[in-house]
Amino acid sequence: MPPTATAGTGPVSRPGSTAPEAIGPVIGPLYARLTELLAQAGIRPSGPGTARYEPSPVGESVTVHAGIQVAVDADHPGAWAAGIAIVDLPPIETAVTVVHHGPMADLLPTLQTLAHWIASHGYISAGYTREL
């Protein structure tokens, strides 16, 4: 996967924090801020936005990372000055994908369909999702 620009992360730490309605209010402002910082650094997005999640050491919370694909190297001086991290996301060898149409508040049935497919085909989820 090409390099991804990230600028900050957002903790989601209230009960039910992994529910789509809890993620939206966090990821939206992160994308807005990242877009501003990329413009300040003179870096144009070269592909889709990404969201990735990881467990937080605090209770049932997750940490949300907003990213946007870019075509610059990790040592780009404008990125560093703007506080943007340019990272290469590790590849995923086997993935199950699904396309959700509609608002994030209606995401749960799509995720349930995905989870059912994974289980019924003998796979086990390896952790949190990545979203494009």
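Now for a quick tour of the structure. From a predicted model like this one, the values you see are computed outputs, not experimental measurements.

Here we take up the overall build of the chain. The helix and strand tally for the chain stands at three helices and five strands. Across the chain, helices and strands are ordered from the amino to the carboxyl terminus as β-α-β-β-α-β-α-β. Taken over 132 residues, the chain has a buried fraction of 33%. Within the chain, residue pairs in contact and separated by at least 24 positions form 67% of the contacts whose partners lie at least 6 positions apart.

Time to look at a nonpolar patch on the surface. Taken together, the side chains of V96, W117 and Y123 make up a nonpolar region of the molecular surface, amounting to roughly 280 Å² of accessible area. As for its placement among the helices and strands, Y123 is situated in the loop between α3 (108-120) and β5 (130-131).

The terminal C-alpha atoms of α3, which comprises 13 residues, lie 18 Å apart, in line with the 18 Å expected from a rise of 1.5 Å per residue. For α3, the full list of buried residues reads T110, L114 and I118. Viewed along the axis of α3, the buried residues span an arc of 75 degrees, placing them on a single side of the element. Of the exposed residues in α3, the ones pointing more than 90 degrees away from its buried face are T113, H116 and A119. Just downstream of α3, G122 is the residue with a positive phi angle, here 80 degrees.

Reading the values: the criteria
- Residues numbered from 1 in each chain as written.
- Predicted model: local features only at pLDDT ≥ 70, side-chain atom pairs only at ≥ 80, totals over all residues.
- Heavy atoms only, no water.
- Helix = DSSP H or I, 4+ residues; strand = E, 2+ residues; numbered from the N terminus.
- Buried < 20%, exposed > 50% of the residue type's maximum accessible area, 1.4 Å probe, protein only.
- Contact = heavy atoms within 4.5 Å.
- Patch = residues over 30% accessible without salt bridge, like charges linked within 9 Å, V, L, I, M, F, W, Y side chains within 5 Å.
- Areas by Shrake-Rupley, 256 points an atom, 1.4 Å probe, with all protein chains shown as cover.
- Salt bridge = Lys/Arg side-chain N within 4 Å of Asp/Glu carboxyl O.
- Expected span 1.5 Å × (residues − 1).
- Arc of directions from axis to C-beta.

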